[in-house]
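Chain by chain, the residues:
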Amino acid sequence: MLVQREETDVPDDATVTAADIARLAGVGRAAVSNWRRRHPDFPRPVGGTMASPTFSLAEITAWLQTQGKLNDVPLEEDVWQRLRAMAIDEAHLGVVIGEAGDQLRGARPVTVEGLRELAESWGAQEAFEFLVGRHLEVHARRGETTPPEIAALMAGLLDPGTGSVLDPACGTGALLREARSARWLLGQEQDAGLAHIAGARLAFPGTQGVEIRPGDSLRHDAFRGTTADAVLCDPPFHHRHWGHEELTADPRWEYGLPPRMEPELAWVQHALAHLGPGGLAVVLMPPAAAGRRSGRRIRAQLLRRGALRAVVALSGSYHLWLLRHPGTAASPNGVLMVEGADAEGVTRLWRDFQHEPDLDEPGLGRVVPVIDLLDDEVDLTPGRHLAAGGGAQTAERYVQTRDRLAALVRGLGELIPGVEPRPEPRELPVTSIAELARIGALSLHQSPAGREPDPVASGRPLLTTEDVIEGRRPSGRVVAADPAEPWIITRSGDVVVTAAARHFAARVVDQDGALLGPHLWLVRVDPAALDPHYLAGILRSTANVRSSSGATTGSRVDPRRAQVPRPPLDEQRRLGEVFRRVQDLEYALRGSVALGSEMAQLLADGVAQGHLLPAEG
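Residues numbered from 1 in each chain as written. Predicted model: local features only at pLDDT ≥ 70, side-chain atom pairs only at ≥ 80, totals over all residues. Heavy atoms only, no water.

Peer 1: Got a sec to walk through the overall build of the chain? Specific residues and values, please.
Peer 2: Within the chain, the secondary structure is distributed over 21 helices and 24 strands. Residue burial in the chain is summarised as follows: out of 617 residues, 49% are buried. Within the chain, residue pairs in contact and separated by at least 24 positions form 70% of the contacts whose partners lie at least 6 positions apart. With an accessible surface of roughly 29,100 Å², the chain has 51% of that area assigned to carbon and sulfur atoms. (Helix = DSSP H or I, 4+ residues; strand = E, 2+ residues; numbered from the N terminus. Buried < 20%, exposed > 50% of the residue type's maximum accessible area, 1.4 Å probe, protein only. Contact = heavy atoms within 4.5 Å. Areas by Shrake-Rupley, 256 points an atom, 1.4 Å probe, with all protein chains shown as cover.)

Peer 1: Describe the pairing of strand 4 (residues 53-56), listing the residues and the values that go with them.
Peer 2: Bridge count between strand 2 (residues 15-17) and strand 4: three bridges; the pairing is antiparallel. Within the sheet, the bridge partner assigned to Val16 lies in strand 4 and is Phe55. Where strand 3 (residues 47-48) lies against strand 4, two bridges are found, and the strand directions are antiparallel. Bridge pairing links Gly48 to Pro53 in strand 4. What sits between the antiparallel neighbours strand 3 and strand 4 is a turn of four residues. (Pairing = 2+ DSSP bridges.)

Peer 1: So what about the layout of surface pockets? Which residues, and what values?
Peer 2: Of the pockets and cavities examined, the second largest pocket occupies roughly 560 Å³. For the second largest pocket, the lining is made up of 14 residues, of which Val419, Glu420, Arg422, Glu571 and Leu575 are closest to its centre. For the lining of the second largest pocket, the elements supplying multiple residues, two or more each, are helix 19 (532-539) and helix 21 (569-608). Residue contributions to the lining of the second largest pocket peak at five residues, all from helix 21. (1 Å grid on protein atoms, 1.4 Å probe; cavity = no way out; pocket = protein on both sides within 12 Å on 5 of 7 lines; lining within 4 Å. Points joined across faces, edges and corners; volume = space filled by probe spheres on them.)

Peer 1: Account for the nonpolar core, with residues named and values stated.
Peer 2: The nonpolar side chains of soluble globular proteins are, as a tendency, buried together. Formed by 42 residues in total, the largest nonpolar core has its most connected members in Leu302, Trp321, Leu323 and Leu380. Mapped by element, the contributors of at least two residues to this core are strand 9 (228-233), helix 11 (263-273), strand 10 (275-285), helix 12 (296-304), strand 11 (308-314), strand 12 (318-324), strand 13 (334-339) and helix 14 (370-373). Among the elements that line this core, the one with the most residues is helix 11, at six residues. What Leu302 contacts, discounting residues up to four positions off in sequence, is Tyr255, Val268, Leu272, Ala307, Leu308, Trp321 and Leu323. One finds Leu185, Ala198, Leu202 and Trp350 within the second-largest nonpolar core, a separate group that totals 38 residues. (Core = buried A, V, L, I, M, F, W, Y, C linked by side-chain atoms within 4.5 Å.)

Peer 1: So what's going on with the packing of aromatic side chains? Which residues, and what values?
Peer 2: Under the criterion given, the structure shown has eight aromatic pairs. Geometrically, the ring pair formed by Trp35 and Trp63 is tilted, given 5.8 Å between the ring centres and 50° between the ring planes. Here Trp35, found in helix 2 (residues 29-38), pairs with Trp63, found in helix 3 (residues 57-66); they are 28 residues apart in sequence, far enough to count as distant. You can call Trp35 buried: its relative accessible area is 9%. On the numbers, 5.9 Å between centres and 35° between planes, the contact of Phe128 with Phe204 is tilted. Here Phe204 lies in the loop between helix 10 (192-202) and strand 8 (209-214) and Phe128 lies in helix 7 (residues 124-138), a separation of 76 residues in the sequence. Here Phe128 and Phe204 have matching classes, each one buried. Aromatic ring contacts, followed pair by pair, group Trp35, Phe42, Phe55 and Trp63 into a single cluster. (Phe/Tyr/Trp six-rings, centres within 6.5 Å; stacked < 30°, edge-to-face > 60°.)

Peer 1: Tell me about the sheet that holds strand 4, and name the residues and values.
Peer 2: Spatial ordering of the open sheet is given by 2-4-3, a layout of three strands whose pairing is antiparallel. Lying at the two open borders of the sheet, with one neighbouring strand each, are strand 2 and strand 3. Across the sheet, helix 3 is in contact with strand 2 and strand 4; its angle to strand 4 comes to roughly 70°. (Axes fitted to C-alpha atoms, helices over the stretch in contact; angles between N-to-C directions.)

Peer 1: Now, about the pairing of strand 7 (residues 184-189): what can you tell me, with residues and values included?
Peer 2: Burial runs high along strand 7: five of the six residues are buried. Judged from the four bridges that link them, strand 6 (residues 164-167) and strand 7 form a sheet pairing that is parallel. Of the residues in strand 7, the one forming a bridge with Val165 is Leu185. As paired elements, strand 7 and strand 8 share six bridges and run parallel to each other. In the sheet register, Gly187 faces strand 8, and the bridge partner there is Ile212.

Peer 1: Residue-level account of helix 21, with values.
Peer 2: Count 3.6 residues to each turn of an α-helix, and residues three or four apart come out pointing the same way. Here helix 21 contains 40 residues, and its C-alpha end-to-end distance of 58 Å stays within 8% of the 58 Å for a straight helix at 1.5 Å per residue. Trailing helix 21 by a residue or two, Gly610 shows a phi angle of about 80°, which is positive. (Expected span 1.5 Å × (residues − 1).)

Peer 1: Could you give an account of the pattern of salt bridges, naming the residues involved and the relevant values?
Peer 2: A pair can form between side chains of opposite charge whenever their charged atoms are brought close. One pass over the structure, following the stated rule, counts 30 salt bridges. Among the salt bridges present, the one from Asp403 reaches Arg402, with a minimum N-O distance of 3.2 Å. With relative accessibility at 40%, the residue Asp403 sits in the partly exposed group. The structure contains a network of salt bridges with shared partners spanning Asp375, Glu377, Asp379 and Arg384. (Salt bridge = Lys/Arg side-chain N within 4 Å of Asp/Glu carboxyl O.)

Peer 1: Before we move on, can you summarise the environment of Leu136 with the specific residues and values?
Peer 2: Mapped onto the elements of the fold, Leu136 is located in helix 7. With 36 residues separating them along the chain, Leu136 and Thr172 place their C-alpha atoms 8.9 Å apart.

Peer 1: Go over the confidence of the model for the chain with me, naming the residues and quoting the values.
Peer 2: With 88% of its residues at a pLDDT of at least 70, the chain reaches an overall mean of 83. Contacts of residues 2-10 to residues separated by more than four positions or lying in other chains number 23 contacts, the stretch itself having pLDDT below 50. Contacts from residues 480-484, a stretch scored under 50 in pLDDT, to residues over four places away or in other chains number four contacts. (pLDDT = per-residue confidence, 0-100.)

Peer 1: Describe the packing of helix 5 (residues 93-104) against helix 10, listing the residues and the values that go with them.
Peer 2: The geometry of helix 5 relative to helix 10 is characterised by a closest axis approach of 7 Å and an angle of 15° between their N-to-C directions. Regarding the angle of helix 5 to helix 10, the classification is roughly parallel. For the pair helix 5 and helix 10, the crossing hand works out as left-handed. Facing helix 5, whose interface residues are Gly94, Val95, Ile97, Gly98, Glu99, Gly101 and Asp102, helix 10 presents Gly193, His196, Ile197 and Ala200. Residue composition of the contact of helix 5 with helix 10, grouped by class: four nonpolar, five polar and two charged. (Parallel < 35°, antiparallel > 145°, perpendicular 65-115°, else oblique. Left-handed = near helix turned anticlockwise from the far one by under 90°. Nonpolar A, V, L, I, M, F, W, Y, C, P; charged D, E, K, R; others polar.)

The structure is reproduced here in structure tokens:
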């Protein structure tokens with residue numbers, strides 16, 4: 001439908017872009033650029049930028065009519081320009097478009113001239129989608145323009161029968177539109193205009209329940225305490241001022257405080273905080289988030305607790321992270337890594353993964369054991385863990401892993417200590433840790449409550465509970481610039497204690513200067529009274545687990561009730577050496593299991609690709 005436009009119809013303060021002018025005249029944008037160069041009387045820009053100027057709609061309309069280039073205005077263009085003229089400024093335009101959506105769907109009386117006719121001609125929903133599209137052209141921002149094919153894929157990965165879906169950075173509702181089969185659609189958007197558009201867009205017939213709220217989800221969570229069956233999110237991860245300073249102690253950071261420059265890890269944890277047990281979150285992520293050093297501790301926690309289930313590399317600069325609320329169900333032993341699959345392939349691999357925990361499809365995706373991902377880098381980039389196109393490299397890695405395992409196995413015998421039965425059991429004086437502290441044989445220190453590491457790339461080394469259990473060097477980092485802060489600094493020979501499954505985990509520190517992390521105790525012995533390796537070994541006894549009630553989680557470790565038999569110091573030292581060798585043997589066996597698992601996977605990949613064959617003889 002065309003509308004005859006009179007000059008008096010044109011609002012004086014309305015503006016248009018070069019693209020708008022091209023549509024009004026029915027030409028391409030190149031023609032508008034030619035008019036600007038060839039016609040001295042072409043109207044001058046009144047705003048915008050050098051690259052994207054804006055012009056007075058009244059002046060442009062008058063010029064086009066004078067040149068005979070504008071006789072009739074398409075109805076949709078007339079309505080669009082009227083709505084733009086109604087906005088106080090560009091920031092207010094979203095509210096105006098949202099109100100037009102309310103009018104189109106019958107939630108309020110139609111007051112915009114031409115809007116009813118456009119609805120009758122196009123259909124109310126199609127008319128509104130046209131207006132939303134024009135608004136996005138004016139505000140072409142990354143956060144509100146999730147590619148349609150990715151939005152469809154993300155929604156298609158949700159569990160069948162999902163009842164409620166939340167998008168905490170919903171923009172104009174593109175992701176939630178793809179999940180309209182759910183009974184409830186919940187969304188929050190920082191831009192009030194976009195939130196209004198999303199609410200109107202999703203409230204058209206076909207959606208059962210919609211609740212869209214304005215506000216900053218990280219700073220002012222409008223759905224605090226609300227859980228959903230699923231979360232879809234394409235977060236504004238380029239916004240670095242996301243509230244790091246204000247939100248340091250936020251309870252959502254269950255997996256670690258997000259680094260200042262990694263807001264995407266804040267959005268991931270925000271999504272998990274809004275999932276019910278077993279709920280699924282599908283989050284669009286920048287590829288860099290899979291490998292940045294500053295985020296490795298949070299990535300490691302997501303893996304250890306079974307929250308991260310899959311990482312999908314999409315064409316272009318996108319990754320998808322699929323996460324489940326750990327809930328009460330058993331966590332899988334691996335993470336699905338996918339690269340090179342189309343949307344149908346991604347969906348199929350994800351569905352198959354639900355009942356094939358060892359899924360492996362060469363060239364597209366495979367399940368990578370969690371233990372293989374928990375190295376120093378915790379790099380979750382799928383291409384790094386898929387063997388597609390790297391058969392020769394797989395064969396080389398197999399040989400290297402085999403040789404490492406062989407060397408490790410050869411050294412195991414040397415770690416087995418020589419211990420023999422005592423002809424007659426003997427009774428020794430037994431003293432509690434608390435009593436030993438009272439008489440000065442040792443001092444006992446506990447890490448400050450509530451102190452969590454700041455996962456940054458630089459800073460002082462921090463010993464974590466995982467480090468103690470796994471027998472490794474301090475893996476944490478923390479900024480502790482204030483010397484008055486009550487951090488406990490380790491010394492070589494200290495015994496650090498936490499709780500592992502059904503026993504204490506205790507190890508002797510062999511370097512100075514690390515900070516004691518959360519949920520750890522430090523025992524500093526007088527070497528003239530106690531041998532530290534002997535003490536660490538005796539703490540692991542079954543009797544001490546029983547005597548130290550509550551020693552089932554790291555936060556409840558209390559070694560003060562542990563009982564320590566006290567043989568002569570020279571015997572303690574000999575027994576301490578035995579305990580040390582057995583602990584080294586335990587760590588070596590753990591490493592051999594990990595290497596054996598890696599070698600088996602590399603063997604399967606190498607044979608499948610034709611790069612490995614059995615050795616002769």
